[in-house]
Amino acid sequence: MSNSKTIKSALISVFHKDGLAPIVKKLNDLNITIYSTGGTEKFIKKLGINVVPVDEVTSYPSILGGRVKTLHPKVFGGILNRQDNKNDVAELEEFNIPQIDLVIVDLYPFEKTVASGAVEQDIVEKIDIGGISLIRAAAKNFKDTFIVSSMNQYDHFLEIISQNNGETTLSERKKFAAKAFDISSHYDTAIFNYFNEDEIVYKASVQSSKTLRYGENPHQKGYFFGDLEAIFDKLHGKELSYNNLLDVDAAVNLIEEFKGEAPTFAILKHNNACGFAQRKTIKQAYVDALAGDPVSAFGGVLIANTEIDKETAVEIHSLFCEVVIAPSFSDEALTILKGKKNRILLIQKEVELPKTTIRTCLNGSLVQDKDNITDQLEDLKYVTNLKPSQSELEDLLFASKLCKNTKSNTIILVKNKQLLAGGTGQTSRVDALNQAIDKATSFGFNLEGCVMASDAFFPFPDCVEIADKAGIKSVIQPGGSIKDQLSIEYCNDHKLSMVMTGTRHFKH
C-alpha cells in the first residue's frame, strides 16, 4: 500500500477557531466530508459549508453539559482502524462506522485558566477528556490518520493539502503525530503539577525552545528551553549565546536583590560580579562599578535596577560589552547604545522568577528551592564587643547580597556600597580572601575601613587575622563553626566588629 493517503473525511472539534476558516473552506473545495460537534459545528455552518453532526453518526447526543460528545466507538473506530487490516475494514462495514482520515482537535486552555487565578471548579472543567483522547488516537494511527493538534499548525497543514489536493505522505503524518504527543504529554504534566501536593516527583515540560549558535564552547550544541520574550523585550543586537544566557541569569538574580533601592549597577563576567556600586545617580553607579575591575568588564554583561539615561549611555558606549539590561532606556540612551550593531539591549519585564533551581547530576537531576533568604538587619547576631557603625551595617548587608550571588568559596570586600573586589570560586576561604585583597589593591583601592562578607563560616581565625592586617574593620558571616569563638576572640582582641547571620549562602 502506498505511503500517501488522500483525505476523504475529517473530524473537526476545536476550542480555538482563529485561522480555522481557510482550512474548512479548502476541505470543502476538495469535497471532503466534515464531521463536527458543538461550537465548531455552528462555526462551520456559519461559513455556509455542509457539516455532519457527530451525534448523527453515533445516534447519541452530547450529554453531561458537553462533557461527553465524541467518546463513542463510531468515532474512535473511524480514527483507529487500520486500513490495511481486513478485519478492521470488515468491522467498519459491519457496524456502519465512517472512516475518518483527518482529525483537527485542540485542547481546553488548562494552563491559562490556572494562571488566571480561576477557582478550582473552573480549572477542573478545563481538563480536556474528549480532545486529548482524539489526539492520542489519531496520532497513534498516523499510518492512516492525519492529526492537527494545535492552531499553530494550521498554516502548515493548509499548505500541505493545498499543494497536494488533499494528499498527505507518511512522513508528514508522522511528524504531526509527534507534535500531537508533545502537546498531550505537556498537557498532562501541567495537570499533574497542578494537583500534586504530596508526591516528590519532578515533572517538567517546556514547549518553547531556541537553538543557540553553540553551547559553552563552539564544538558543543546548545539549546534554550523557555520563553525569553516573557522576561525580556529585545531592542537591539545579535542573538544571545549560551554563555550570554548564563551571565544574564546571574545578573537578573543579583539585581533582584536591589529592586526598589537607590540606583544600582552591576557588571558580570562568568556569572560573577566584577563591578558593582550603588549611588545617587545611575551614571555614577556605573562609573564606580567599572572602577572595581575595568579589565574584567571587557566583554561583560551589564545590568541596572533603574532606567539608563543618556549620560550613562555615553559612559557605557566606550566599553566593549556583550549585553546591557535595564527596566527601561531613554530614547537618547538607545540611540547611543545602538551604535554598536552586535551589542544586545534588553528591557527586563516585571515577572516572577523561578522558585527552584535544576541542574543535571550524574544520571539524574538535582532540584532544590532557590536560595530565597536575603540577610536582613533583624537577622544579625552581634557577637563581638565592638558593634558595627550604621554605615558599616549598611555595607555589611550590601556585601552579603553580593556574596550570596557569587560562586563559592567567596569573600566579598565592600566600602561605601562599592564592590572593591571579590575572591570567587576558590577551594579555600583563605585563598578567596587573599585573591580579593590582591585584586583590590592592584586597582588602587584603600582597604582601610572596608567590610568583608563570607558565604560560609570561618573554621579557623586565619581569615579575620588576614582581614585585620589588610585594614578591614567589620565582618559578616553565617557562623556555625565549632571554633567560632576563636574568630570572635581575635576580633575582640584587635577591635574588629563581626556579625553572624545564621544562614549559609553556598553557590556552586
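Residues numbered from 1 in each chain as written. Predicted model: local features only at pLDDT ≥ 70, side-chain atom pairs only at ≥ 80, totals over all residues. Heavy atoms only, no water.

Draft legend 1. Expanded view of the packing of aromatic side chains. Across all of its chains, the model carries 12 aromatic pairs by this definition. Relative to Phe-195, the ring of Tyr-194 lies with its centre 5.1 Å away and its plane at 85 degrees, an arrangement referred to as edge-to-face. Note on Phe-195: relative accessible area 44%, which makes it partly exposed. Between the aromatic rings of Phe-258 and Phe-276, the centroid separation amounts to 4.8 Å while the plane-to-plane angle is 50 degrees, which identifies the pairing as tilted. Here Phe-258, found in the loop between α11 (242-256) and β11 (264-269), pairs with Phe-276, found in strand β12 (residues 272-278); they are 18 residues apart in sequence, far enough to count as distant. For the pair Phe-258 and Phe-276, a shared accessibility class is recorded, and that class is buried. If you follow Lys-203 out to its NZ or CZ, it ends over the ring of Phe-192, 5.4 Å from the centre. One residue, Lys-401, lies across the ring of Phe-258, its end atom 4.7 Å from the ring centre. (Phe/Tyr/Trp six-rings, centres within 6.5 Å; stacked < 30°, edge-to-face > 60°. Buried < 20%, exposed > 50% of the residue type's maximum accessible area, 1.4 Å probe, protein only. Helix = DSSP H or I, 4+ residues; strand = E, 2+ residues; numbered from the N terminus. Lys NZ or Arg CZ within 6 Å of the ring centre and 35° of its normal.)

Draft legend 2. Quick look at empty space enclosed by the protein. Across all of its chains, the model carries 2 cavities of 30 Å³ or more by this definition. Along the walls of the largest cavity sit 13 residues, with Asp-375, Ser-400, Ser-454, Asp-455 and His-505 positioned nearest its centre. Here the lining of the largest cavity takes 3 residues from helix α15 (residues 390-404), the largest share from any one element. Considering only residue class, the lining of the largest cavity consists of 4 nonpolar, 6 polar and 3 charged. (1 Å grid on protein atoms, 1.4 Å probe; cavity = no way out; pocket = protein on both sides within 12 Å on 5 of 7 lines; lining within 4 Å. Points joined across faces, edges and corners; volume = space filled by probe spheres on them. Nonpolar A, V, L, I, M, F, W, Y, C, P; charged D, E, K, R; others polar.)

Draft legend 3. Summary view of the sheet that holds strand β6 (residues 146-148). Taken in spatial order, the 5 strands of this open sheet run β4-β3-β2-β5-β6, and their pairing is parallel. What marks the edges here is a single partner per strand, and that holds for β4 (52-53) and β6. Of the strand pairs in this sheet, strand β2 (residues 9-13) and strand β5 (residues 102-105) are connected by 4 bridges, and their pairing is parallel. Each residue of the ladder has a partner; that of Ser-13, found in β5, is Val-105. Across the sheet, helix α2 (residues 38-46) touches β2, β3 (33-36) and β4, and the angle it forms with β3 is around 140 degrees. (Pairing = 2+ DSSP bridges. Contact = heavy atoms within 4.5 Å. Axes fitted to C-alpha atoms, helices over the stretch in contact; angles between N-to-C directions.)

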